[in-house]
Amino acid sequence: MTSPPPSMPLDLRPDEVHVWLVEPERIEDPRLLEAYKALLDPGERERQRRFHFERHQRQYLVSHALVRLTLSRYAPVAPEAWRFVPNEYGRPAIVGPVGQWLRFNLSHTDGMALVAVGRDVDLGADIEDAERPGETVEIADHYFAKTEVQALRALPKELQRARFFEYWTLKEAYIKARGAGLSLPLDQFAFDLVPGQMPGIAFDPRMNDLPDVWQFMQHKPSARHQAAIAFRRPRGGALSVRWQHTVPLAGDMAPLIKTA
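Predicted, not measured: the structure shown is a model, and the values here were computed from it.

Reading guide: rules and limits
Residues numbered from 1 in each chain as written. Predicted model: local features only at pLDDT ≥ 70, side-chain atom pairs only at ≥ 80, totals over all residues. Heavy atoms only, no water. Pairing = 2+ DSSP bridges. Helix = DSSP H or I, 4+ residues; strand = E, 2+ residues; numbered from the N terminus. Axes fitted to C-alpha atoms, helices over the stretch in contact; angles between N-to-C directions. Contact = heavy atoms within 4.5 Å. pLDDT = per-residue confidence, 0-100. Core = buried A, V, L, I, M, F, W, Y, C linked by side-chain atoms within 4.5 Å. Buried < 20%, exposed > 50% of the residue type's maximum accessible area, 1.4 Å probe, protein only. Phe/Tyr/Trp six-rings, centres within 6.5 Å; stacked < 30°, edge-to-face > 60°. Lys NZ or Arg CZ within 6 Å of the ring centre and 35° of its normal.

Chemist: Got a minute to help me understand the sheet that holds strand β10 (residues 225-232) in this structure?
Modeler: What links the strands of a sheet is backbone hydrogen bonding, and the strands pair in either a parallel or an antiparallel sense. Strand order in the open sheet made by the three strands is β6-β10-β9, with antiparallel pairing throughout. Both edges of this open sheet fall to β6 (123-129) and β9 (214-222), since each of them pairs with a single strand only. Each neighbouring strand pair of the sheet contributes to a mean axis angle of 15°, computed without reference to strand direction. Taken together, the seven bridges between β9 and β10 define a ladder with antiparallel strand orientation. Bridging across to β10, Ser 222 finds its partner in His 225. Sheet strands in contact with helix α6 (residues 157-178) are β6, β9 and β10, and its direction is about 150° off that of β6.

Chemist: When you look at the confidence of the model for the chain in this model, what are you seeing that I'm missing?
Modeler: In low-pLDDT segments, the atomic positions of the prediction should not be examined closely. For the chain, the average pLDDT comes to 90, and 93% of its residues sit at 70 or higher. Put simply, strand β12 (residues 257-258) is where the chain has its lowest mean pLDDT, 40, and strand β7 (residues 189-192) is where it has its highest, 98. Below a pLDDT of 50 lies the segment residues 1-6, which in the model reaches 18 contacts outside its immediate sequence neighbourhood of four places, other chains included. This stretch, residues 252-260, has a pLDDT under 50; its non-local contacts, to residues over four places away or in other chains, come to 26 contacts.

Chemist: How should the nonpolar core be read in this particular structure?
Modeler: Taken as a class, soluble globular proteins show a tendency for nonpolar side chains to be buried jointly. Tyr 174, Phe 189, Phe 191 and Phe 216 are the most contacted members of the largest nonpolar core, which totals 28 residues. For this core, the secondary-structure elements that each account for two or more residues are α4 (137-143), α5 (146-153), α6, β7, β8 (200-203), β9 and β10. The element best represented in this core is α6, accounting for nine residues. Of all hydrophobic cores here, the second largest spans 27 residues; its members include Leu 66, Leu 71, Leu 102 and Leu 106.

Chemist: How should I be thinking about the packing of aromatic side chains in this particular structure?
Modeler: In this description, a pair of aromatic rings is defined by centroid distance and the angle of the planes. Under the counting rule described, the total for this entry stands at 13 aromatic pairs. Their ring planes at 45° and their centres at 5.7 Å tell us that Phe 51 and Tyr 60 sit as a pair that is tilted. Of the residues examined, Phe 51 reaches a relative accessible area of 32% and is grouped as partly exposed. Classification of Tyr 60 by relative accessible area gives buried; the value is 6%. An aromatic cluster is built from Tyr 174, Phe 189, Phe 191, Phe 203, Trp 214 and Phe 216, whose rings are joined through pairwise contacts. Between Arg 55 and the ring centre of Phe 53, over which it is positioned, the NZ or CZ distance is 5.5 Å. Between the NZ or CZ atom of Lys 171 and the centre of the ring of Phe 144, over which it lies, the distance is 5.2 Å.

Following this line, the structure appears as structure tokens:
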């Protein structure tokens, strides 16, 4: 099974972001899994081997193959030829003369992975399994902004967990778009969630950021998963987001679904 880049690259306009989603645990074809492994560089293969559980090895394998195959949809580079360098907080950027205009961000959790791609735009993405065990609202009490905690605690208890993951994915997407990781204090920016409207954000003055330059989008790709995308607005308007479920290398060229 070969992995050439598409002969006709997909168009990615400056006013849109494409998001590709995959369910790693559903991919069981050994031919596909071997093809994905052949795309990874030696460092990626070594990091994959370090995971103790097989499902985590598969998540890493499929999601990182997804990055390479997705980038090759837009630029004439073979998937295995992409090279990346991390910034000081670990966010990777493309190395090399081709495809420098591409910006991407990867996120994965149990059951789902996604990669968001844009053109010369700062962006971040996060996806979470909202059914995973562990504390949720208690985390918000300690780390979220006061307005978020108040809004969360005002909800009926049975709705608080889902709202926590809405906040969490938005916060993760924003700090990843900033490229600074958890060095940004989670209590110094707050989201306002109003049904039927795109999320709004407010900043503590210490954040030195402006709400109007940011746009956020939420998505529920399955009953158990919550996703969010963050990106800087281009001058003069908003960006649209297109979502597509895919199985890499397995006839996944269906049209992207425009959602906003």
